[in-house]
Amino acid sequence: MNMNMEKNKDKKVVLSGIRSTGNLHLGNYFGAVSKFLKLQDEYDCRYFIADLHALTTNPDPKMLHESVKNILAEYLAAGLDPEKNMLYVQSDIPEISEMYLLLNMHVGIGELMRTASFKDKARKALGITSDSDEIEKEIIGNQTNQRVNAGLLTYPTLMAVDILIHHADYVPVGKDQEQHLELTRRFARRFNSFYGVDYFGEPVNFNFGGEALKVPGLDGSGKMGKSEGNCIYLIDDEKTLRKKVMRAVTDEGPKVPDSPVSQPVANLFLLMDLVSDKEVVDHFRKAYADCSIRYGDMKKQLAEDLLKVTLPIRERILDIRSNDELLAKVVKSGAERARAYAADTLREVREIMGIRKI
Ligand code: TRP
């Protein structure tokens with residue numbers, strides 16, 4: 001029964017997905033993609049574009065399609081080698097949709113409703129600002145609640161299927177996705193115990209060794225993120241990037257030597273740590289400590305050093321993005337390889353569940 005798991009014995013399977021909404025930003029790049037590059041020889045790496053997950057927020061069809069192509073081009077431009085990494089589009093694997101239906105039979109609507117990401121999205125859709133845990137009642141009582149669609153509720157089932165259909169060992173995801181990963185393990189255990197099999201393993205987050213890297217945004221608050229509107233995108237042109245950096249939030253500047261660094265300024269130093277030479281960072285840290293710092297100069301330097309990273313990638317994105325033939329070839333080959341694994345798992349899951357040929 002464990003045929004599918006046997007296949008990958010030589011290398012552990014690493015799997016991750018990205019929702020196709022918008023473009024890749026520096027947070028995605030430093031937090032995920034650049035790390036993926038280091039895994040490609042040692043692990044069996046599989047990355048996909050989660051366009052079905054993107055549907056849960058009802059995107060415009062044309063935008064959704066564009067977004068899938070953009071992210072694919074950006075993955076390739078950032079250096080993911082489609083020979084070494086399996087790259088595919090989620091919706092190209094129909095086995096995922098079928099297994100999603102099957103796994104849903106073992107998922108409780110209560111546990112889905114208690115998922116943090118669902119509550120957040122439901123609150124947003126309904127315009128509820130309070131943190132109240134009455135959200136379940138609000139949803140059921142709301143007359144126009146097609147705004148909170150069933151796909152949004154079953155998002156974690158779909159994600160669990162993405163992972164389990166590959167029998168993935170490691171799933172590199174950010175903190176915000178850890179609850180989904182926990183649910184995946186719970187569904188796997190539940191499936192095994194209900195059918196009395198030892199079929200699914202329990203996937204874990206990938207620890208890249210050391211602390212999770214934090215890529216801050218430009219608005220002086222927390223992490224860089226699409227929904228926060230504080231992003232630098234790999235596709236940003238020179239002018240746009242410079243403008244964004246020059247407008248980044250700072251403070252009034254240190255008044256006395258060795259002042260503590262405020263959050264917005266600490267964020268700029270963190271970004272500098274990622275892209276600038278050590279001497280450059282040291283220079284500005286010293287200038288901060290002795291109060292001679294001029295944030296304008298620091299930002300100019302930061303923009304310069306950011307551009308050194310992003311502009312070559314931007315060039316490649318534009319190149320690849322205009323090559324439909326290449327994009328089609330990559331996803332076709334990725335889908336073929338992914339489907340080979342997915343079909344085996346689906347066949348075995350159907351067999352275990354009793355969906356058998358007459
Ligand atoms: N939910 C993930 C996110 O928003 C994307 C995703 C979908 C994913 N399926 C996955 C990530 C499977 C890892 C594994 O970031």
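*Asks:* Can you walk me through the site of the ligand in this structure?
*Replies:* Close contacts around the ligand come from 13 residues, with Arg19, Tyr155, Met159, Asp162 and Gln177 the closest. Between the ligand and Asp162 there is a distance of 2.7 Å, counted from a nitrogen atom to a side-chain nitrogen or oxygen. When the ligand is considered free in solution it has 360 Å² of accessible area, and contact with the protein chains removes 93% of it. The set of elements that each furnish at least two residues to the shell around the ligand consists of strand S1 (13–19), strand S2 (44–50) and helix H10 (155–164). It is H10 that provides the largest number of residues to the shell around the ligand, a total of four residues. When its residues are assigned to classes, the shell around the ligand shows seven nonpolar, four polar and two charged.

*Asks:* Sorry if this is basic, but what is going on with the pattern of salt bridges here?
*Replies:* When the charged atoms of two side chains lie near each other, side chains of opposite charge can form a pair. All chains considered together, the criterion is met by 21 salt bridges. Between Lys308 and Asp305 there is a salt bridge, with its nearest N and O atoms 3.1 Å apart. Of the two residues, Lys308 and Asp305 are both situated in helix H15 (residues 295–321); the distance of three residues between them amounts to about one turn of the helix. When its relative accessible area of 5% is taken as the criterion, Asp305 is described as buried. It is possible to trace a salt-bridge network through shared partners that takes in Glu111, Arg186 and Arg190.

*Asks:* Where do I start with the packing of aromatic side chains in this structure?
*Replies:* Each pair of aromatic rings is reported with the distance of its centres and the angle of its planes. Under the definition given, this model contains eleven aromatic pairs. With centroids separated by 6.0 Å and ring planes inclined at 85 degrees, the aromatic side chains of Tyr43 and Tyr170 adopt a geometry described as edge-to-face. Placement of Tyr43 in the loop between helix H2 (26–39) and S2 and of Tyr170 in the loop between H10 and helix H11 (178–195) is noted, with a sequence separation of 127 residues between them. Site record: aromatic cluster; members linked through ring pairs are Phe191, Phe194, Tyr195, Tyr199 and Phe200. If you follow Arg46 out to its NZ or CZ, it ends over the ring of Tyr341, 3.9 Å from the centre.

*Asks:* What is the right way to look at the packing of H10 against H11 in this model?
*Replies:* Packed helices, taken two at a time, are described by the angle their axes make and the gap between the axes. Close contact between H10 and H11 brings their axes to 9 Å; oriented N to C, the two are set at 70 degrees. Judged by the inter-axis angle, H10 sits roughly perpendicular to H11. Facing H10, whose interface residues are Tyr155, Pro156, Thr157, Met159, Ala160, Ile163 and Leu164, H11 presents His180, Leu181, Leu183, Thr184, Phe187 and Ala188.

*Asks:* It is not clear to me how the environment of Glu252 should be interpreted in this structure. Could you clarify?
*Replies:* The residue Glu252 is located in the loop between helix H12 (238–246) and helix H13 (263–275) in this model. Given the relative accessible area of 75%, Glu252 is considered exposed. Taking C-alpha positions, Glu252 is 9.4 Å from Tyr295, a pair spaced 43 residues apart along the chain.

*Asks:* Whenever I open this one, the sheet that holds strand S3 (residues 85–89) confuses me. Can you help?
*Replies:* As a general point, the strands of a sheet are linked pairwise by backbone hydrogen bonds and lie either parallel or antiparallel. Pairing is parallel across the open sheet formed by three strands, whose spatial order is S1-S2-S3. Two strands lie at the open edges of the sheet, namely S1 and S3, each paired on one side alone. Along the sheet, successive strands turn relative to each other by an average axial angle of 15 degrees, direction set aside. Contacts between helix H4 (residues 61–77) and the sheet are confined to S1, S2 and S3, with S2 contributing the most and set at about 150 degrees to the helix.

*Asks:* Would you mind showing me how to read H10 here?
*Replies:* Because an α-helix completes one turn every 3.6 residues, residues spaced three or four positions apart along the sequence face the same direction. Taking burial as the measure, the ten residues of H10 include ten buried ones, the bulk of the element. All buried positions along H10 are accounted for by Tyr155, Pro156, Thr157, Leu158, Met159, Ala160, Val161, Asp162, Ile163 and Leu164.

*Asks:* Would you mind showing me how to read the side chain of Ser20 here?
*Replies:* Relative to the assigned elements, Ser20 resides in the loop between S1 and H2. Its relative accessible area of 2% is what places Ser20 among the buried residues. Setting aside its immediate chain neighbours within four residues, Ser20 contacts Ile49, Ala50, Asp51, Ala54, Leu64, Ser67, Val68 and Ile71.

*Asks:* Which parts of the structure should I look at to understand the pairing of S2?
*Replies:* Two faces belong to every sheet, and in a regular strand the side chains alternate between them. Counting buried positions over the seven residues of S2 gives seven, a clear majority of the element. Residues Asp44, Arg46, Phe48 and Ala50 line one face of S2 and the alternating positions Cys45, Tyr47 and Ile49 line the opposite face, and both faces are buried. Each parallel crossover has a hand, and the one from S1 via H2 to S2 is right-handed. In terms of strand pairing, S2 meets S3 through five bridges, oriented parallel. Directly across from Arg46, in S3, lies its bridge partner Met86.

Conventions used here
- Residues numbered from 1 in each chain as written.
- Predicted model: local features only at pLDDT ≥ 70, side-chain atom pairs only at ≥ 80, totals over all residues.
- Heavy atoms only, no water.
- Near = heavy atom within 4 Å.
- Polar contact = N/O pair within 3.5 Å; in protein donor to acceptor, adjacent residues only side chain to side chain.
- Areas by Shrake-Rupley, 256 points an atom, 1.4 Å probe, with all protein chains shown as cover.
- Helix = DSSP H or I, 4+ residues; strand = E, 2+ residues; numbered from the N terminus.
- Nonpolar A, V, L, I, M, F, W, Y, C, P; charged D, E, K, R; others polar.
- Salt bridge = Lys/Arg side-chain N within 4 Å of Asp/Glu carboxyl O.
- Buried < 20%, exposed > 50% of the residue type's maximum accessible area, 1.4 Å probe, protein only.
- Phe/Tyr/Trp six-rings, centres within 6.5 Å; stacked < 30°, edge-to-face > 60°.
- Lys NZ or Arg CZ within 6 Å of the ring centre and 35° of its normal.
- Axes fitted to C-alpha atoms, helices over the stretch in contact; angles between N-to-C directions.
- Parallel < 35°, antiparallel > 145°, perpendicular 65-115°, else oblique.
- Contact = heavy atoms within 4.5 Å.
- Pairing = 2+ DSSP bridges.
- Right-handed = clockwise from strand over helix to strand, strands pointing away.

From the geometry alone we can't say anything about function, so treat these as descriptive.
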